[in-house]
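# A look at the structure
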Amino acid sequence: FGGAISATDLQNAQSKFFARAFVRYGFIKRLQAELGAGVGKLAGSNEKDGTRYETQIAPVDLRLLFSPYQYDSWNLYLYGGIGALYYSYLQKTGNSNVDPAKSDGWAGVVPAGLGLQFRISDAVVFETSAGYNYSLGERLDAVATGKKDAYWNFLLGLTATGENLDADPDGDGLSNWQEYTGVDGDSLMIFDKFDDGVVVGKINILTSDDLNPIDIA
């Protein structure tokens, strides 16, 4: 949960509620894909007559997250992506020049920003992020001037996550992956199946995909 601040043609932007949910998947080291959707509001006013606008927004986007540094207790990441933004006018300013009959629409959106994660447990992290969202449309404030609109957003929340296989939380010099696969002679894998005579293991009974074949016997 967090807030959004518009960056449109109209001044006197106001901070409004914004929330976002997402799922992530790490496909290579330090790089993750994220699919997310949010909901919030943008608001501001026309300084000439003091009238206000308020627009409901609901962005859906696909992002790539890059983590240049990864530590056991915290993580910094940068992100960028592309998506679509649904908007609906709740209130228009006196200088609105869009079709009076038009109450909503869609626009492309390009989000970019950074975030910080702090590990609370192996399965939960506290996360904060901030970013700039460049709209490919010019009517988020119901005023079309030829200049593209945008908005800033900031978020705080808890994220459920899988275990970091490169981390070493117990400080014994072996990563989680090494301990799972039995490098220390005591594998934490559980038996799954035989594959061409090789025992295949997995982390737990809920794991959907088999890990690399390893001899856990």
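Worth saying up front: this structure is predicted, and the values here are computed from it rather than measured.

To continue, consider the pattern of salt bridges. Pairing is possible between side chains that carry opposite charge, provided their charged atoms lie close to one another. Enumeration over the complete set of coordinates arrives at nine salt bridges. A salt bridge links E34 to R24; the shortest N-O distance between them is 2.4 Å. Here the residue E34 occupies a position in strand 3 (residues 31-45), and R24 occupies one in strand 2 (residues 15-28), the gap between them amounting to ten residues. In this structure E34 comes out as buried when scored by relative accessible area, which is 2%. For K41, the salt bridge identified is with E54, shortest N-O distance 3.3 Å. Here K41, found in strand 3, pairs with E54, found in strand 4 (residues 52-70); they are 13 residues apart in sequence, far enough to count as distant. On the basis of relative accessible area, K41 is assigned to the partly exposed category, the value being 30%. Residue classification places E54 among the buried residues on the basis of a relative accessible area of 12%.

Even without glycine at this site, A142 takes up a positive phi of about 65°. With respect to the helices and strands, the residue A142 is situated in the loop between strand 7 (124-135) and strand 8 (150-160). The exposure class assigned to A142 is buried, which follows from its relative accessible area of 0%.

For the chain, per-residue confidence averages 80 on the pLDDT scale, and residues scoring 70 or more make up 73% of the total. Here residues 208-217 scores under 50 on pLDDT; set against residues more than four positions off or in separate chains, the count is 27 contacts.

Inspection of the secondary structure puts E127 in strand 7. Within polar-contact distance, the side chain of E127 engages the side chain of R24 at 2.4 Å. Among all residues touching E127, those that are not within four sequence positions of it are F22, R24, Y77, L116, Q117, L155, L156, G157 and T159.

Let us look at the nonpolar core. Generally speaking, soluble globular proteins have nonpolar side chains that are buried together. By size, the foremost hydrophobic cluster in this structure holds 17 residues, and its most contacted members are F18, L42, I57, L85, Y87 and Y151. Looking at this core, the elements with two or more residues in it are strand 4, strand 5 (74-91), strand 6 (104-119) and strand 8. Residue contributions to this core peak at three residues, all from strand 5. Ignoring sequence-local partners within four residues, the contact set of I57 consists of F18, G38, V39, G40, K41, L42, L85, Y86, Y87 and Y151.

Analysis parameters
Residues numbered from 1 in each chain as written. Predicted model: local features only at pLDDT ≥ 70, side-chain atom pairs only at ≥ 80, totals over all residues. Heavy atoms only, no water. Salt bridge = Lys/Arg side-chain N within 4 Å of Asp/Glu carboxyl O. Helix = DSSP H or I, 4+ residues; strand = E, 2+ residues; numbered from the N terminus. Buried < 20%, exposed > 50% of the residue type's maximum accessible area, 1.4 Å probe, protein only. pLDDT = per-residue confidence, 0-100. Contact = heavy atoms within 4.5 Å. Polar contact = N/O pair within 3.5 Å; in protein donor to acceptor, adjacent residues only side chain to side chain. Core = buried A, V, L, I, M, F, W, Y, C linked by side-chain atoms within 4.5 Å.

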